[in-house]
Amino acid sequence: MDILRIDAIHPVISGNKWFKLKYHLEAARAAGLQGVLTFGGAWSNHLVATAAAAREAGFSATGIVRGEPAGPLTTTLLQAQELGMQLEFVSRSQFADETQLYRQYQERYPQLALVPMGGQSPLGVQGASEILQLAPLEKYTHIACAAGTGTMMAGLVSASLPQQQVLGVSSLKLPDPEQNSITRFVYDSTQRNNFTLFTQYHFGGFGKKTGPLLDFMNALFQQSQLPTDLVYTAKLLYGLMDLLNKNYFSANSRLLVIHSGGLQGNRSLPAGTLCF
Ligand SMILES: *Cc1c(COP(=O)(O)O)cnc(C)c1O
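To keep things clear, this report deals only with the structure shown in the data block. Worth saying up front: this structure is predicted, and the values here are computed from it rather than measured.

Reading guide: rules and limits
Residues numbered from 1 in each chain as written. Predicted model: local features only at pLDDT ≥ 70, side-chain atom pairs only at ≥ 80, totals over all residues. Heavy atoms only, no water. Near = heavy atom within 4 Å. Polar contact = N/O pair within 3.5 Å; in protein donor to acceptor, adjacent residues only side chain to side chain. Areas by Shrake-Rupley, 256 points an atom, 1.4 Å probe, with all protein chains shown as cover. Helix = DSSP H or I, 4+ residues; strand = E, 2+ residues; numbered from the N terminus. Nonpolar A, V, L, I, M, F, W, Y, C, P; charged D, E, K, R; others polar. Phe/Tyr/Trp six-rings, centres within 6.5 Å; stacked < 30°, edge-to-face > 60°. Buried < 20%, exposed > 50% of the residue type's maximum accessible area, 1.4 Å probe, protein only. Lys NZ or Arg CZ within 6 Å of the ring centre and 35° of its normal.

For the rest of this paragraph, the subject is the site of the ligand. Around the ligand, a shell composed of 14 residues is seen, among which Lys17, Asn45, Gly148, Thr149 and Ser260 lie nearest. Between the ligand and the protein, one listed contact pairs an oxygen atom with a backbone N or O atom of Gly148 at 2.7 Å. One nitrogen or oxygen atom from the side chain of Thr149 is found 2.6 Å from an oxygen atom belonging to the ligand. Isolated, the ligand exposes 380 Å² of accessible area, and the fraction of that covered by the protein chains is 98%. When contributions to the shell around the ligand are tallied by element, the ones reaching two or more residues are helix 1 (16–30) and helix 7 (151–159). For the shell around the ligand, the element with the most residues is helix 1, which contributes three residues. The residue makeup of the shell around the ligand, split by class, is three nonpolar, nine polar and two charged.

With that settled, the discussion passes to the packing of aromatic side chains. Applying the stated criterion across every chain yields a total of ten aromatic pairs. Centre to centre, the rings of Trp18 and Phe19 are 5.2 Å apart; their planes meet at 90°, and the pair counts as edge-to-face. With relative accessibility at 5%, the residue Phe19 sits in the buried group. Geometrically, the ring pair formed by Phe206 and Tyr232 is edge-to-face, given 5.8 Å between the ring centres and 65° between the ring planes. Linking Phe206 in the loop between strand 8 (195–198) and helix 9 (211–224) with Tyr232 in the loop between helix 9 and helix 10 (233–245), this pair joins segments that are 26 residues apart in sequence. On the basis of relative accessibility, which here comes to 41%, the residue Phe206 falls in the partly exposed class. Here the basic side chain of Lys17 rests over the ring of Tyr232, its NZ or CZ set 5.6 Å away from the ring centre.

Any link to function would need more than the numbers given here.
As structure tokens, then:
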């Protein structure tokens, strides 16, 4: 098992977010727009990454945040704000209707390029497919990643070799393990079948955690100095270790695991919870 540490490519635009934003920013520039508009939760890696990437590209950035602010801003939102992002809050119910939400804000801000949540679009997939240019791809039988929207996974599937399997571990609790939003998006984006999504390692749902998951993160760091984030990469590594222990992988399998970043989200934990 090799780990591709794209969490380390940039101090703020961590991991897969840089790849998913790349072509959105290029398209915004080509369209002559002044800035970007995007959406996310109070601990969203995507909001911080977009704030930083927009600033570096010389764009303004507006972030629409799910839920009314309850008390002080999270460290994530403070960081996005310090990077120049204008924040606006909308109720959870309004946020839930994505189509309507996007339409409403695009009408309000026609001068901004709308980047869908999580960078989920063909441009996001195209950017994510470039992640595999950083590794000697032919060496591996499997490529493994965490999945939220499935945009990164779709990019990896589209860049994978036909004989390779791409394994995704869902960070969301999905209603149907077979017919779900991630599987559908990956298939629709790539028209390929060499992938498997594991839905049993969500630990209660998106952003949810348990004592055993936190213990796993600490043990993994102590053993291998590998820091993971509680939303995505910890669940990915936990799932892969579980599959290994259950002999899912045949002898001579070689795994490339994508460390997609997201470590800023661990700031939601009380100090001292993690040993890194
Ligand atoms: C955003 C994020 C993901 C999810 O990527 P998708 O393309 O939405 O599936 C995975 N890992 C980390 C660390 C992230 O920040």
